[in-house]
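Each chain, letter by letter, is given below.
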Amino acid sequence: MDFNEPEEEEFGFSRNYFLAKELGSSGKKSARKLSDINVVDEQELRAAAANTEPKHPKEIAALINSYRSLYPKWVFELRCGFGLLMHGFGSKKGLLEDFASTALTGYSVVVINGYLQSVNIKQVIIGLADILWEQLKSKRRVPSGNLPKVQQPFSSRSMDDLLAFLDRPGIEDMDSLICIVVHNIDGPGLRDPETQQYLAQLASCSHIRVVASIDHVNAPLLWDKKMVHTQFNWYWYHVPTFAPYKVEGLFFPMILAHGSSHQSVKTAAIVLQSLTPNAQSVFRILAEYQLSHPDDEGMAIDNLYSISREHFLVSSQVTLNAHLTEFKDHELVKTRRHPDGQDCLYIPLATEALEKLLSEIG
């Protein structure tokens, strides 16, 4: 038996590999480029994807109903101090929103869309502090003399001060909990280490509970042992939904399509339809104002708040700010400065496109 035979085979393979590389490099190179490929238009490709019929609808409906039977257990685990982390194939956006709208009606719920690039974690924490402050005042769980004095607005406070306020001791009432629903906590807008540290500190606050979803295979690498077991205190659930990533996929370029230079009406309509009816109505007020005042820089925030309040669409400036943050995150609304120094809101769509958008959202 020749023990040197494997070595000779390996040497022969290596020699042939380099000979092939040498012959290949000496030949004529192709002049074709990747940009020469005639790829389909992005809107056409997205329309084709949207019209794809789902398979096995009965089995998927039964699967979702089985998850709904777990809602009481999930609420119990949140009240016990756990965070819920959903993973599995398919978009979990609809599942988490259904859970929040049916099982968390007794709590304040804040939604963070981690699949957006423009998520501002400090603005989120400021909004949470505002909500908790309003709860403490309205429910009067603490005598007015014991409430912390807000010497400066939350927007001008440091992150440490905001987190300390959210974790203030002395109130153990579970009705004062604020539940944060994070779609794609591993998304591009939340993936950096600093933001994950803030989210972990936020999850460990006494008045905060987190329900989140992940989709990236390496998402657990975002956290260390302390974050997983002490701060987030995750209770993991494998909840594959097999649902398409319709909303999440809008904000990622499609590899097989040309990029679009402007925001399409169809994309804006899909985003608006995923928002609450009140948010859609606030957007409609802004859109109708823009159509009736085409020469204006935009609509003043105070004016929008007054009209929205008259129509019972918002109860406070905090609620309106939450809607505006949602619009800005989805790039539906932008801000520009009026000559008198006042910030005005406007929709970055042409008149014809805006009219078509309003007709599509009904």
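Higher on the page you've got the structure.
These figures come from a predicted structure and were not determined experimentally.

Time to look at the overall build of the protein. Scanning the protein from terminus to terminus reveals 14 helices and 10 strands. In the protein, which comprises 362 residues, the proportion classed as buried is 39%. For the protein, the exposed area adds up to about 21200 Å²; of that, 54% sits on carbon and sulfur atoms.

Let us now look at the sheet that holds strand 4 (residues 178–183). Either a parallel or an antiparallel arrangement is found when strands of a sheet pair, and the pairing is made through backbone hydrogen bonds. With parallel pairing, the five strands of this open sheet are ordered in space as 3-4-5-2-6. What marks the edges here is a single partner per strand, and that holds for strand 3 (108–113) and strand 6 (234–238). On average, adjacent strands in this sheet sit at an angle of 20 degrees to one another, irrespective of strand direction. Here strand 4 runs beside strand 5 (residues 208–213); their pairing, made up of five bridges, is parallel. Within strand 5, the position partnered with Cys179 by the bridge is Arg209.

This part is about the sheet that holds strand 9 (residues 334–337). Spatially, 8-10-9 is the arrangement adopted by the three strands of the open sheet, whose pairing is antiparallel. Edge positions in the sheet fall to strand 8 (299–300) and strand 9, since each has one partner strand and no second. Here strand 9 pairs with strand 10 (residues 343–346) via four bridges, running antiparallel. Its bridge partner lying in strand 10, Lys334 is registered against Tyr346.

Okay, the packing of helix 12 (residues 301–310) against helix 13 (residues 317–329) next. At their nearest, the axes of helix 12 and helix 13 sit 11 Å apart, and the two run at 110 degrees to each other. One way to sum up the angle between helix 12 and helix 13 is to call them roughly perpendicular. Judged by the sense of rotation from one axis to the other, the crossing of helix 12 with helix 13 is right-handed. Residues Ile301, Leu304 and Tyr305 of helix 12 form the contact with helix 13, whose participating residues are Gln317, Leu320 and Leu324. When the residues that make up the contact of helix 12 with helix 13 are grouped by side-chain class, the tally is five nonpolar, one polar and no charged.

Scanning the model with the defined rule gives six salt bridges in all. Ionic pairing is found between Asp98 and Arg68, a salt bridge with its closest N-O pair at 3.1 Å. Taken together, the residues Asp98 in helix 5 (residues 93–103) and Arg68 in helix 3 (residues 57–68) connect sequence positions 30 residues apart. Note on Asp98: relative accessible area 21%, which makes it partly exposed.

Moving on: the side chain of Gln231. Counting through the fold element by element, Gln231 comes out in helix 9 (residues 225–231). Leave out the neighbours within four places in its chain, and Gln231 touches Ala200, Gln201, Ala203, Ser204 and Lys226.

Moving on, we come to the nonpolar core. Core analysis: the biggest nonpolar cluster contains 43 residues, and Leu166, Ile185, Trp223, Phe232 and Trp234 have the highest contact counts within it. Secondary structure elements with two or more residues in this core: strand 3, helix 6 (121–139), helix 7 (159–166), strand 4, helix 8 (193–203), strand 5 and helix 9. No other element matches the nine residues that helix 6 contributes to this core. Filtering out sequence-adjacent residues up to four positions away, Trp223 remains in contact with Leu85, Ile185, Gln196, Ile214, Val228, Phe232, Trp234 and Trp236. If you look at the next biggest cluster of nonpolar residues, it comprises 32 residues, including Ala279, Phe283, Leu320 and Ala353.

Parameters at a glance
- Residues numbered from 1 in each chain as written.
- Predicted model: local features only at pLDDT ≥ 70, side-chain atom pairs only at ≥ 80, totals over all residues.
- Heavy atoms only, no water.
- Helix = DSSP H or I, 4+ residues; strand = E, 2+ residues; numbered from the N terminus.
- Buried < 20%, exposed > 50% of the residue type's maximum accessible area, 1.4 Å probe, protein only.
- Areas by Shrake-Rupley, 256 points an atom, 1.4 Å probe, with all protein chains shown as cover.
- Pairing = 2+ DSSP bridges.
- Axes fitted to C-alpha atoms, helices over the stretch in contact; angles between N-to-C directions.
- Parallel < 35°, antiparallel > 145°, perpendicular 65-115°, else oblique.
- Left-handed = near helix turned anticlockwise from the far one by under 90°.
- Contact = heavy atoms within 4.5 Å.
- Nonpolar A, V, L, I, M, F, W, Y, C, P; charged D, E, K, R; others polar.
- Salt bridge = Lys/Arg side-chain N within 4 Å of Asp/Glu carboxyl O.
- Core = buried A, V, L, I, M, F, W, Y, C linked by side-chain atoms within 4.5 Å.

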